[in-house]
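# Residue-level structure breakdown
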Amino acid sequence: MSPLRPFLKWAGGKRQLLPQLRRFVPEAFGRYFEPFLGSGAFFLDLCVRGHIESRSAILSDNNADLIGCYMAVGGHVEQVIRQLRKLATAHEADGQRHYYQIRDERFNPLRRKLRAGRRDSCVDYPATLAAMFVYLNRTGFNGLYRLNASGDFNVPAGRCTNPKICDTSNLQAVASALRAPATELRHGGFDAVVSECRRGDFVYFDPPYAPVSTTSSFTSYTAQGFTDADQRRLQAVVIDLARRGCFVMLSNSTAPLITELYETSSAAQDAGLRAHRVQARRAINSDASRRGQIAEYIISNVNPITEHHIPGALAQRVPTIERCK
């Protein structure tokens with residue numbers, strides 16, 4: 001399969017961490033679950049490497065716009081591409097003015113209309129709306145997704161002078177992966193996997209990261225409803241799945257709360273979970289001087305493969321990970 005890239009920018013996206021995440025993929029597993037889909041970087045990487053072939057993949061997120069956009073791309077990619085090309089052309093003429101016109105006069109009104117009287121606005125998410133979602137994501141500030149008190153998207157325009165708005169070949173390739181017979185997109189919370197996962201299934205959790213401090217760069221995308229209580233609820237789910245014999249992997253910050261929940265927790269250790277510190281590059285802070293290498297956790301009950309078992313080109317790029325004691 002040709003290389004696949006996320007078509008959305010997403011705070012906390014995992015492209016930079018992929019070499020590390022690959023080390024925790026089980027040699028054999030049943031179905032694949034990803035309850036915090038985001039940019040889909042890890043799922044797409046699994047597709048490229050042949051791990052999803054003939055396997056079921058259940059991809060979910062509680063962001064209705066995100067899942068609706070994926071559904072539209074998977075089902076109507078050529079329509080999405082046509083609309084995106086029009087948006088890209090108009091953006092070249094007057095980017096910032098066009099951004100706010102699309103956001104305030106078209107995208108938000110259409111979202112409100114779609115949500116009115118519907119239980120799940122992902123259903124029949126139109127290609128026009130999906131294209132606007134991609135456009136706003138590619139041209140908005142830092143690829144953020146943020147809603148105001150009224151439920152309207154309110155991210156300001158970004159500063160990129162030449163954004164890649166319509167990557168036709170990549171969109172078509174992603175659509176092909178999403179259309180695989182055993183791949184399913186769902187709108188819902190992360191705990192829905194508990195009732196469905198069986199022994200031998202592989203689950204990857206990439207939640208909004210816990211902030212490492214009150215001024216942490218992580219706060220730019222964690223202050224959207226994922227609380228300490230949610231982190232604790234997620235820990236209970238991860239431990240339950242590990243005890244059940246599922247392969248589990250979770251990425252998160254090295255915040256004190258996450259250390260407490262996984263590195264020093266006897267319940268997590270008894271379930272076979274181990275916390276590993278890795279280095280990742282992050283660019284989610286509005287202050288460019290505060291971006292760069294930062295320690296993160298990969299928590300899993302899968303023993304990571306060593307550098308000696310990684311193909312040469314990849315091994316050169318993978319730093320040593322530290323298992324937390």
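Anyway, here's the lowdown on the structure attached to this text. Bear in mind the structure is a predicted one, so any value in this text is a computation, not a measurement.

## Side note on empty space enclosed by the protein
Applying the stated criterion across every chain yields a total of one cavity of 30 Å³ or more. For the largest cavity, the calculated volume is near 30 Å³. Trp10, Phe133, Asn137, Gly143, Leu144, Tyr145 and Phe153 together form the lining of the largest cavity. Of the residues in the lining of the largest cavity, the class split is five nonpolar, two polar and no charged.

## Considerations on the pattern of salt bridges
Here the idea is simple: oppositely charged side chains can pair when their charged atoms come close. In total, this model carries 17 salt bridges according to the counting rule given. Where Arg22 meets Asp45, a salt bridge forms, and the shortest distance between an N and an O atom there is 2.9 Å. A residue pair is termed long-range when its members are at least 10 positions apart, and Arg22 in the loop between helix H1 (18-21) and strand S1 (32-34) and Asp45 in helix H2 (residues 41-48) qualify at 23 residues. A salt bridge links Asp104 to Arg103; the shortest N-O distance between them is 2.7 Å. On the basis of relative accessible area, Asp104 is assigned to the partly exposed category, the value being 34%.

## Here's the deal with the packing of aromatic side chains
Counting across every chain of the model gives 18 aromatic pairs. Arranged with centres 5.4 Å apart and planes meeting at 70 degrees, the rings of Phe7 and Tyr70 form a pair that is edge-to-face. Here Phe7 is found in the segment before H1, whereas its partner Tyr70 is found in helix H3 (residues 64-93), with 63 residues between them in sequence. The exposure classification of Phe7 matches that of Tyr70, with both residues buried.

## Section: unusual backbone geometry
Within the chain, Ser54 stands out as a residue other than glycine whose phi angle is a positive 65 degrees. By the secondary structure assignment, Ser54 is in the loop between H2 and strand S2 (57-61). A positive phi angle, close to 55 degrees, is found at Asn142, a residue other than glycine.

## Considerations on the pairing of S2
Most of S2 sits out of view: five of its five residues are buried. Pairing between S1 and S2: three bridges, direction parallel. By the bridge assignment for S2, Phe33 is matched with Ile58. The parallel pair S1 and S2, bridged by H2, forms a crossover whose chirality is right-handed.

About the thresholds
- Residues numbered from 1 in each chain as written.
- Predicted model: local features only at pLDDT ≥ 70, side-chain atom pairs only at ≥ 80, totals over all residues.
- Heavy atoms only, no water.
- 1 Å grid on protein atoms, 1.4 Å probe; cavity = no way out; pocket = protein on both sides within 12 Å on 5 of 7 lines; lining within 4 Å.
- Points joined across faces, edges and corners; volume = space filled by probe spheres on them.
- Nonpolar A, V, L, I, M, F, W, Y, C, P; charged D, E, K, R; others polar.
- Salt bridge = Lys/Arg side-chain N within 4 Å of Asp/Glu carboxyl O.
- Helix = DSSP H or I, 4+ residues; strand = E, 2+ residues; numbered from the N terminus.
- Buried < 20%, exposed > 50% of the residue type's maximum accessible area, 1.4 Å probe, protein only.
- Phe/Tyr/Trp six-rings, centres within 6.5 Å; stacked < 30°, edge-to-face > 60°.
- Pairing = 2+ DSSP bridges.
- Right-handed = clockwise from strand over helix to strand, strands pointing away.

The values reported here are purely geometric and, on their own, carry no functional implication.
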